[in-house]
Amino acid sequence: MSDPSHGPSRRTVLTTASGAAAALALTSTSAPALAAPRDRAADTTRPGASAAAAAQAYTWRTAAIGGTGFITGVLFHPAVKGLAYARTDIGGAYRWDDGAQRWTALTDHLGWDDYNLLGVEALAVDPNQPDRLYLALGAYAQSWAGNGAVLRSNDRGATWSRTDLSVKLGANEDGRGTGERLLVSPLSGDTLYLGTRHDGLLKSTDRGASWASAPFPASVKAGGQGITFLVAAGRVVYAGWGDGGSALYRTTDGVNWQAVPGQPSGASAQVPIRAAFDAGSAALYVTYANTPGPNNQTDGSVRRLDTATGAWTDVTPVKPSGGDQFGYGGVAVDARVAGTVVVSTNNRWGPVDTLYRSTDGGRVWTSLKDSATLDVRETPYLNWGGTAKFGWWIQAVALDPYDSKHLVFGTGATLFGTRDLVRWAPEIRGLEESAVRQLIAPPSGGAQLLSGLGDIGVMYHESLTASPARGMAANPVFGSATGLALATLNPTYVVRAGWGDAGNGASSTDGGQSWRPFAAQPAIASSAPGPIAVSADGATLLWSFVHWDGTKHPGFRSTNGGASWSEVTTFPKGAVPVADPVDPRRFYAYDTDAGAVLRSTDGGATFVRGASGLPAGDVQFRIAAAPGRTGDLWLSAKWNGLYRSTDGGTSFTKVTSCWGSYALGFGRAAPGASYPAVFQTGATENFVGVYRSDDTGGSWTRINDDSRQWGWTGETITGDPRVYGRVYLGTNGRGIQYGDPA
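What follows covers unusual backbone geometry. Along the chain, Gly-293 connects to Pro-294 via a cis peptide bond; the corresponding omega equals 10°. Position of Pro-294 among the secondary structure elements: in the loop between strand E20 (283-289) and strand E21 (300-306). Going from Asn-475 to Pro-476, the amide bond is cis rather than trans, its omega being 0°. Inspection of the secondary structure assignment puts Pro-476 in the loop between strand E34 (457-461) and strand E35 (478-486). Look at Trp-710: it is not a glycine, yet its phi comes out positive at around 65°.

In structure tokens, the structure reads:
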């Protein structure tokens, strides 16, 4: 979900609060001299690096929800029926399997150090070589982010070669819904162009293996958009420019660029968003807005350029006005019928965004939303606790070149498609983009899993292969979830916290199937909802508060189900509360500023300091309590390692079998074992992987592999208390991955 009214989205939070995830070696040079593809070499300098851990084959799947994130681009191959690709802002790229009617993820091999590359800035295909595919990767152009990379494939994304860039790309920044900034030259399949945000135009003459700067007449602007799209019109290439002055350039020889004569100007044509060429009528259609979007657009237009005569025509379907402000976004033309074009509005929150379709070159338009029927039964969360809407953040629009009525468009949460221009349903199977915040596998009941997610709240998963039938947890509906907890001795009692318009906390007495908002909440809750814990018996709630910018506030306690709250002055501000799974009187919290554990033995009323001198300085250091035991705590301190306490946090001992621990959880014990299986995202070698220990952390078995890494996976992980070996892993843009021993 991407509606600002539901609090900061995961995409906003990531740019401000994930400094740890972002601190993954950010070195760069300003000149775009580009490196050759690289292989991972052994790191013999890593402190505490040990011999390779044992490995076990696992079968991995993605829990079905259906989309949940911004689809920033869709591209049908012009020469192969049924072949299409999609890109996302933080969840990688996908290929459409027409036979199976589902998407296949293409970038799951990107690992921890390459989390930034799960943002796909642009994709390109070679019209004459259907097996060739190119991706330009890099989520952030900020100073702390890593540089971008280009992946190239000769087998439609089954395998890849990689070239690292020395420039940054911005697939999860403003302007991420603009057109494809990567293009195979119409003059030569060996030549590619890459339009960047801050480093001008790059060019490759060896099919993406190496890149160099190429002349381009516009001046780059720090923090700007740069080149917003590259589109071929016959043998001519057009480039959109988003930083003032002339907004559209072209080259006829692949070397020399000129501003297109007669192009429009003014606020309604300030930033070119996308363009599409209708070969049958030699017309180039360009959508414009006054900002790059996807937010804050209040003006825009659609223009048609007759590429044969150079004449421009304003073909805007509806002009934005004072009471109806928006921009224009996606544009697609019908390869089978000249003069048929579809465009989308964007950021039209009043009447709601729509698609306009014309069959006469833009003279007359029809709003497809007005006659649309939406069928979201396969992904019920799209009802948003009410009624599904046609779309928002519509900047990706694509028309099937082999079916004039097969039209798709991306939104902030899904990809809608139609085969008759009237009936619409998500075409999203296999494409999962959730940013996962919390995971609970209940010990009993109808839910296999409960999840707290960025942008789409909390889900009750009665099945892992179908989108949750109840959709988003309602009463109230949340945007991003900030807390989710279950009473271990009374597992039908569950509480949640998050960003919402009608309350920020709720409880359930049926295991998460239905909810009731807290009767009252602390005043700070609406602007800084944070993690929440519930005592083992469900009698006490402990709620922490952290503003989206990281500001920490005092914690509050309730002993009457949220009817009233009192401040806990001894609770460390902004800490994550953890309930003891056996003793209802015990709570724990890790003070990440001080590197100390705080303990409560009176139901969270007061806290006293336990162990100290532990790693400090990172809000993502966290403790987990082993199920079925009192005072058995594990501390994941990232690169500082893993620690364990068996005395309720009074003292900790370092676990020497691994050097890094980022997220940790527990599952059913191995046959013949008495202690729960321990799962973690951590490191025993020179890379971060997913591990299981069946001997209380004495040794670890790697259970993912190099083809299944999913970028950054340091937020949450849990085993299944009912199924030995099963693990649920939260990703940051690739949904919930779950695995079982093969």
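Right, let's talk about the pattern of salt bridges for a bit. Across all of its chains, the model carries 28 salt bridges by this definition. With a shortest N-O distance of 2.8 Å, Arg-162 and Asp-114 are connected by a salt bridge. Separated by 48 residues along the polypeptide, Arg-162 in strand E10 (residues 161-164) and Asp-114 in the loop between strand E6 (102-105) and strand E7 (120-126) bring together distant segments of the chain. Since its relative accessible area comes to 15%, Arg-162 is described here as buried. Each of Arg-61, Arg-726 and Asp-740 takes part in a single network of salt bridges with overlapping partners.

What follows covers the sheet that holds strand E22 (residues 312-314). If you walk across this open sheet you meet the 4 strands as E19-E20-E21-E22, and the pairing is antiparallel. Single-partner strands in this sheet number two, and they are strand E19 (271-278) and E22. Ignoring strand direction, the axes of neighbouring strands in this sheet form an average angle of 25°. Relative to E22, E21 runs antiparallel, the two being bridged by 3 bridges. Opposite Arg-303, over in E22, you have Asp-314 as the bridge partner.

What follows deals with the confidence of the model for the protein. The pLDDT averaged across the protein works out to 93; a share of 93% of its residues lies at or above 70. Residue range residues 1-6 is modelled with pLDDT below 50. Its contacts to residues more than four positions away, or to other chains, number 22 contacts. Low confidence marks residues 10-50, where pLDDT is under 50. Its contacts with residues over four positions away, or in another chain, come to 90 contacts.

Taken as a whole and judged by the stated rule, the model has 28 aromatic pairs. A centroid spacing of 6.3 Å and a plane angle of 85° characterise the contact between Tyr-193 and Trp-257, whose relative ring orientation is edge-to-face. In this pair, Tyr-193 sits in strand E12 (residues 192-195) while Trp-257 sits in strand E18 (residues 257-259), placing the two residues 64 residues apart along the sequence. For Tyr-193, a relative accessible area of 2% corresponds to the buried category. Given the relative accessible area of 9%, Trp-257 is considered buried. Both rings, one in Phe-571 and one in Phe-607, keep their centres 5.3 Å apart while their planes meet at 75°; by these two values the pair is edge-to-face. Of this pair, Phe-571 sits in the loop between strand E42 (566-568) and strand E43 (577-579) while Phe-607 sits in the loop between strand E45 (596-600) and strand E46 (608-609), and the two are 36 residues apart along the sequence. Judged by its relative accessible area of 4%, Phe-571 is buried.

Attention now goes to the environment of Gln-680. In this structure, Gln-680 sits in strand E52 (residues 677-683). Residue Gln-680 is classed as buried on the basis of its relative accessible area of 0%. Between the C-alpha atoms of Gln-680 and Val-333, which are 347 residues apart in sequence, the distance is 48 Å. Other than its neighbours up to four places away in sequence, Gln-680 contacts Leu-642, Cys-658, Gly-660, Ser-661, Ala-663, Leu-664, Gly-689, Val-690, Tyr-691, Trp-700 and Ile-717.

Moving on, we get to the nonpolar core. In terms of nonpolar packing, the biggest core is built from 37 residues, with Leu-355, Tyr-381 and Leu-407 touching the most fellow members. Counting only elements with at least two residues in this core, the list comes to strand E28 (397-399), strand E29 (407-410), strand E32 (436-440), strand E33 (449-453) and strand E57 (736-741). Every residue in contact with Leu-407, bar those within four places of it in the chain, is listed here: Val-342, Leu-355, Leu-368, Val-397, Ala-398, Leu-399, Phe-416, Gly-417, Thr-418, Leu-421 and Trp-424. Counting 17 residues, the second-largest nonpolar core is a separate cluster that includes Leu-110, Leu-117, Val-125 and Leu-151.

Bringing the sheet that holds E34 into the picture now. Read across the sheet, 3 strands follow the order E32-E33-E34 without closing on themselves; strand pairing throughout is antiparallel. Edge positions in the sheet fall to E32 and E34, since each of these pairs with one other strand and no more. Neighbour-to-neighbour, the strand axes of this sheet turn through a mean angle of 20°, independent of strand direction. Pairing geometry for E32 and E33, over 4 bridges, is antiparallel. Paired with Ile-440 across the bridge in E33 is Leu-450.

What counts, and at which threshold
- Within each chain, residue numbers correspond to sequence positions counted from 1 in written order.
- Given that this is a predicted model, residues contribute local features only at a pLDDT of at least 70 and side-chain atom pairs are listed and counted only at 80 or more, while totals for whole chains, interfaces and linings are drawn from all residues.
- To get the side-chain values, all heavy atoms of the structure are used, and hydrogens and water are removed first.
- Helical segments are the DSSP runs of H or I of at least four residues, strand segments are the runs of E of at least two, and each set is numbered from the N terminus.
- By salt bridge we mean one thing: a side-chain nitrogen of Lys or Arg within 4 Å of a carboxyl oxygen of Asp or Glu.
- Per-residue accessibility, obtained with a 1.4 Å probe over protein chains only, is compared with the maximum for each type, and a residue is labelled buried under 20%, exposed over 50%, and partly exposed between these values.
- In short, DSSP must find at least two bridges between two strands for them to pair.
- Interaxial angles span 0 to 180 degrees and are taken between N-to-C directions of axes, which are lines fitted to C-alpha atoms, for helices over the stretch in contact.
- One number per residue, pLDDT, summarises how confident the predictor is, and it ranges from 0 to 100.
- The contact criterion used is simple: two residues touch if any of their non-hydrogen atoms lie within 4.5 Å.
- Aromatic pairing here means that ring centres of Phe, Tyr or Trp (its six-membered ring) are within 6.5 Å. Orientation follows from the plane angle: under 30 degrees is stacked, over 60 is edge-to-face, and everything else is tilted.
- Here, nonpolar core refers to any group of buried Ala, Val, Leu, Ile, Met, Phe, Trp, Tyr and Cys residues whose side-chain atoms link them within 4.5 Å.

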